[in-house]
Amino acid sequence: VRSEISGRELAAAICLNVASPLLLHVPSALALLLHQAAWVPLLPSALVSFLPLLLAIRFLRGRPLAIALASSLGRPLTILFCLTLGLFAVFVACLDLRLVSDFATQIMLPDTPVWFIGLLFATVGWWAGGTATVRTARLGLLILIIALFALLFIAVSLLGELRWENLRPFGISRTAELWRASALVAGWYLESVVLVPWASSLAPGVSLRHVAAGVLLILLFTLVLMLLCLTVFGPVLTGLMTYPTYYLAQFTTVGEFFERIDLVLVTIWLWMMGIKLSISIHTAAICCRVIRPASLRLHASLAAAAAYGAMNVWGRATDLFRFELEYWTWLSGGVVLVVCGLMLVGLIRRTPS
Amino acid sequence: VKHALACLLALLLLSGCWSRKEMNDLGFVVGMAIDEGEQEEIRLTLAVARPFDRRNPPPETSWFLSAEGKNLAQAMRRIGLRSSRRLHLHHSGVLLISAEVARQGIEHKLDFTLRETEMRLNQKIFVTVGKADEILRLRDPLRITTSQELEELLRQNPGYDQTLKEFARAAVETPMTAVAPMLTVSPGPTRSPQLAGFALFRNRRMVGRWTVEQGRGALWMLRKKTVAVITTDCPPDVPGTTFSARVRSTRVVRTVAVRGDQVAIDFHVHGSLEMVELNCTLDPIDPNQMRKLEKAMADDLLARIQETWSEVKRTKTDPFGVGKDIQVRYPDFFRRQGERVTDRVAEADVTFHVSIMLKEPGLVTQPVPRRR
């Protein structure tokens, strides 16, 4: 099995890692804060949120993770690095699992117990992560292409429904709202930090342009969906809906015979979330192995821990929504600061020798 | 290990057998009607499609279930107590609300329709002149169910088409006023649903209505695709009775200006039409004579539009979304006024400019000669 990650696979992994949670709650949260101008914060947040990945490519490129960390940071800082990133990756998996459980039980599988969805994705995480990281990314690329086609189809189908007066590029009443909204989006984009350990497995041809391609693709993806939500539903209705993008798909029909496009989108979505989950769990497993090289396969236990956390951390769906709006930015921002700080320390220590 | 894993994954494919929903266990709701209750606040009626053999359809193709409740959810649950099938709302095509209920306010009904995951936002919404369930229960001779008939009615009259999404959007936004088509029962021996103008909402409460005549002017101003024929008296200096033209395309350009607290709106309405009947004695090939007809038709349309606007003024609503223009062009004024912006629009100084072009004379060039 090939263990190197190509440029296209990295771009797909970046997109999938951010797209699935970003599409669920972000349009609604941004429309609540910024109304017609809800699409504006997507641009600056995307540009600044992928700096950790660029830093990681510089820091870890061409060296096995354990050696790179041990030689540059020393044992205590390596443990801190891996512990922070590993715990964050499990927490991201836990958050995603909870998101997908809420979404699936409310929309698609109302009678299915949450633990079943947890078990399903824990299995996916164990299988995909345990077999090869590359496979996950390759599968992700395929799903991404399908998702882009689905999005294109929805956009074309809804051309007659677009109300362009619902967009207002400028005229944000308070700058504080723009900052808060940008920080909110950045919080989701910063989840891409779980891909940092992957930088040591990149193929020789991978360059910064592949990261840029991934970032631009996800930016395009979210921007189009945000604009569609705003122009089809208007800012107030978008802000009222929990999953505006689901309603977007629900509103799309092919003639009068295919009315459940929403189910196609939901299926792709659940698939994307499964891949995202496997990426997070695999990252956590990599970090565990660096701390304790002799440890056996960890994916199943990490996936089970994430499933357990998803079912117990947030009691109600509204708790999760509130957590995302108020605390997630700070938590992910803090983790990124620690990880980036340690990588910078590693780069500085490495340069003189 | 690989084989064991493959078997385990294959087991997941059987998950569809668990908590399954068979077609035979589902009752497909095709239409809903909301009326004022006699004992409680709401009376909900559901039209459920009856399964039948197409070669031998039963006299009743829908099964109607009604229940009263304090709100829609309670009424729905009470209906569920009487149904041997699980009621499935995904395929509900029409939502009928009686004018009495609409006058009291539709916040709670909107909340249910948006919150319930089975409700689809592309179902059509109507306000009924009488009881909503009476119209839902009408037996349609041409279509299988009344809700299907209503959906087709809108297809033939696209200007009246209003989805739940569009209605909800207008109802929740501050400067907008929601508009919904109205339905009544056609007079005569064949009782069938008939479009009867528009209901005007402000703050999610019905505050007025446009009659069919007023609605004709409204269709132009709402910038909706219209299938309409305008019939006008011949110009005074031309002998004859009337002439009619079919609308080919319309264009409405509006300009909003704010001076102090006063709003001024300019509407430029242009229509391109095709002659379908000419009972005026003039030569339609002569451009000068044609202009006379265009002028007469433009005056007639202007009168209709002014009548439409008079209802807007009376009810203090903003069905054309002028408030949105103010929000974009004058954000400070909009913020200052808040909800009162709708009042400012209704009190605005309005000017209408109507121009008509009769582009096609039809398939004959001259009026059919009259008997002397």
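Position labels on residues start from 1 in each chain and follow its written sequence. Chain A is the first chain written and ligand 1 is the first ligand written, with later ones labelled in order. Thresholds applied to this predicted model are a pLDDT of at least 70 for local features of residues and 80 or more for the giving and counting of side-chain atom pairs; totals over whole chains, interfaces and linings are not thresholded and use all residues. In computing side-chain properties, one takes all heavy atoms of the structure into account and sets aside hydrogens as well as water.

## Topic: the overall build of chain A
The way it works is that DSSP assigns letters per residue, a run of H or I at least four long becomes a helix, a run of E at least two long becomes a strand, and they are numbered from the N terminus. Of the regular secondary structure elements, chain A holds 13 helices and zero strands. The secondary structure elements of chain A, listed N-terminal to C-terminal, are α-α-α-α-α-α-α-α-α-α-α-α-α. Taking all 353 residues of chain A together, the buried fraction comes to 59%. Look at the contacts in chain A between residues 6 or more apart in sequence, and 85% of them connect residues 24 or more apart. Accessible surface for chain A amounts to roughly 14,000 Å². Of this, 71% is attributable to carbon and sulfur atoms. Between buried and exposed lies partly exposed: a residue is buried under 20% and exposed over 50% of the maximum accessible area for its type, with that area taken using a 1.4 Å probe on protein chains only. In this analysis, two residues are considered to be in contact whenever any of their non-hydrogen atoms come within 4.5 Å of each other. For accessible areas, the Shrake-Rupley method is used with a probe of radius 1.4 Å. Any residue's cover is judged against the shown protein chains and nothing else.

## Observations regarding the overall build of chain B
Looking only at helices and strands, chain B has twelve helices and 13 strands in total. By its C-alpha atoms, chain B is 85 × 60 × 60 Å across when sized along the principal axes. For chain B, contacts bridging at least 24 residues in sequence account for 69% of all contacts bridging at least 6. Under the counting rule used here, the positive set is Lys and Arg, the negative set is Asp and Glu, and His together with the chain ends is not counted. Working definition for charges: the position is that of NZ of Lys, CZ of Arg, CG of Asp or CD of Glu. Distance between charge centres in chain B, computed from 56 positive and 46 negative side chains, equals 4 Å.

## Things to note about the pattern of salt bridges
Criterion for a salt bridge: a side-chain nitrogen of Lys or Arg within 4 Å of a carboxyl oxygen of Asp or Glu. Using the criterion set out here, one finds 26 salt bridges over all chains in the structure. Between D319(A) and R316(A) there is a salt bridge, and its shortest N-O distance comes to 3.3 Å. Note that K316(B) and E347(B) form a salt bridge whose closest N and O atoms lie 3.5 Å from each other. Remark: E347(B) occurs in the loop between α12 (341-346) and β13 (349-360) and K316(B) occurs in the loop between α9 (287-315) and α10 (322-329); sequence separation between them is 31 residues. Taken together, the shared-partner salt bridges connect K165(B), E166(B), R169(B), E173(B) and K324(B) into one network.

## Regarding the state of the cysteines
Working definition: the covalent bond between the sulfur atoms of two cysteines is a disulfide. The disulfide criterion is simple: two cysteine sulfur atoms within 2.5 Å. Per the counting criterion, the structure on display carries one disulfide over all chains. Paired through a disulfide, C234(B) and C280(B) show a sulfur-sulfur distance of 1.9 Å. Taking the sign of the S-S torsion, about -90° here, the bridge from C234(B) to C280(B) comes out left-handed. With C234(B) in the loop between β10 (229-233) and β11 (240-259) and C280(B) in strand β12 (residues 262-280), this pair connects stretches of sequence that are 46 residues apart. The structure places no disulfide on C94(A), whose sulfur is separated from the nearest cysteine sulfur, that of C288(A), by 15 Å. Residue classification places C94(A) among the buried positions, given a relative accessible area of 5%. Looking at C288(A), it has no disulfide partner, and the nearest cysteine sulfur is the one in C287(A), 7.1 Å off.

## Remarks on the confidence of the model for chain B
For every residue, the predictor reports its confidence as pLDDT, a number between 0 and 100. Across chain B, the average pLDDT comes to 85, with 95% of residues at 70 or higher. As a predicted assembly, this complex carries a pTM of 0.81 together with an ipTM value of 0.77.

## Side note on the sheet that holds β12(B)
Sheets are built from strands paired through backbone hydrogen bonds, the pairs being either parallel or antiparallel. Residue and element names in this part refer to chain B. Between any two strands, pairing holds if DSSP finds at least two bridges. Pairing in this open sheet of four strands is mixed, and the strands run β10-β11-β12-β13 from one edge to the other. The open sheet has two edge strands, β10 and β13, and neither has a second partner. Strand-to-strand twist across the sheet, computed as the mean angle between neighbouring axes with direction ignored, equals 40°. Bridging between β11 and β12 involves 17 bridges; their strand directions are antiparallel. The angle between two axes is taken between their N-to-C directions and runs from 0 to 180 degrees, where each axis is a line fitted to C-alpha atoms and a helix contributes only its stretch in contact.

## Structural notes on the packing of aromatic side chains
Describing an aromatic ring pair means giving the distance of the ring centres and the angle of the ring planes. Residue and element names in this part refer to chain B. Only Phe, Tyr and Trp rings take part, Trp by its six-membered ring, and two of them pair if their centres are within 6.5 Å. Stacked means planes under 30 degrees apart, edge-to-face means over 60, and tilted covers everything else. Under the criterion given, the structure shown has 17 aromatic pairs over all chains. For the pair F267 and F352, a centre-to-centre distance of 5.3 Å together with 15° between the ring planes defines the contact as stacked. Here F267 is found in strand β12, whereas its partner F352 is found in strand β13, with 85 residues between them in sequence. Look at F267 and you get buried, because its relative accessible area is 0%. Among the aromatic residues, ring-to-ring pairing joins Y160, F198, W210, F267, W309, F320 and F352 into one connected group.

## Quick word on the side chain of K109(B)
Residue and element names in this part refer to chain B. By secondary structure assignment, the location of K109 is in helix α4 (residues 107-115). Despite its burial, K109 pairs with no opposite charge, the nearest such side chain being E107 at 6.5 Å. Whenever two N or O atoms come within 3.5 Å, that pair is a polar contact, provided that in protein one can donate a hydrogen and the other can accept it, and provided that, for residues adjacent in sequence, both atoms are side-chain atoms. A distance of 3.3 Å separates a polar side-chain atom of K109 from the backbone oxygen of G105. Beyond its immediate stretch of four places on either side in the chain, K109 contacts I34, I42, L72 and V101.

## Re the pairing of β10(B)
All names here are of chain B. Along β10, the buried face is formed by I230 and T232; none of V229, T231 and D233, which line the opposite face, is buried. Inspection of the sheet shows β10 paired to β11 by five bridges, in the antiparallel sense. Each bridged residue has a counterpart across the sheet, and for V229 the counterpart in β11 is R246.

## Looking at the packing of helix α10 (residues 261-291) of chain A against helix α11 (residues 299-312) of chain A
Residues and elements named next belong to chain A. At a closest axis distance of 9 Å, the pairing of α10 and α11 adopts a crossing angle of 125°. Judged by the inter-axis angle, α10 sits oblique to α11. Crossing geometry of α10 relative to α11 is assigned as right-handed. Between α10 and α11, the contacting residues are I281, H282, A284, A285, C288 and R289 on the first element and H299, L302 and A303 on the second. Across the contact of α10 with α11, the residue classes tally to six nonpolar, two polar and one charged. Roughly parallel means an angle under 35 degrees; roughly antiparallel, over 145; roughly perpendicular, 65 to 115; everything else is oblique. A crossing counts as left-handed when the near helix is turned anticlockwise from the far one by less than a right angle, and as right-handed when that turn is clockwise. Residue classes follow a fixed rule: Ala, Val, Leu, Ile, Met, Phe, Trp, Tyr, Cys and Pro count as nonpolar, while Asp, Glu, Lys and Arg count as charged, and any other residue, Gly among them, counts as polar.

## What about unusual backbone geometry?
All names here are of chain B. Residues other than glycine seldom take positive phi values, yet N203 does so here, at roughly 50°. Considering the arrangement of structural elements, one finds N203 in the loop between β8 (193-202) and β9 (205-210). Here K316, not a glycine, exhibits a phi torsion of approximately 50°, which is positive. Judged by relative accessible area, which is 34%, K316 ranks as partly exposed.

## So, the environment of D300(B)
All names here are of chain B. With respect to the helices and strands, the residue D300 is situated in helix α9. Measuring from C-alpha to C-alpha, the distance between D300 and T231 comes to 8.9 Å, with 69 residues separating the pair along the chain. When residues no more than four places from it in sequence are discounted, the contact partners of D300 are I230, T231 and T232.

## Let's talk about the pairing of strand β7 (residues 179-185) of chain B
All names here are of chain B. The buried fraction of β7 is high, at five of seven residues. Where strand β6 (residues 124-128) lies against β7, two bridges are found, and the strand directions are parallel. Bridging from a neighbouring strand, V127 pairs with M182 of β7. With six bridges connecting them, β7 and β8 associate as antiparallel partners. From the neighbouring strand, T184 faces β8, where its bridge partner is Q194.

## What to know about a nonpolar patch on the surface
All names here are of chain A. Each patch is built from residues that are more than 30% exposed by relative accessible area and take part in no salt bridge. Like charges join if they lie within 9 Å; nonpolar side chains (Val, Leu, Ile, Met, Phe, Trp, Tyr) join within 5 Å. A grouping of I145, F149, L152, V156 and L159 is seen on the molecular surface, where their side chains present a nonpolar patch of about 530 Å² in accessible area. Note that I145 resides in helix α6 (residues 133-157). When its relative accessible area of 42% is taken as the criterion, I145 is described as partly exposed.

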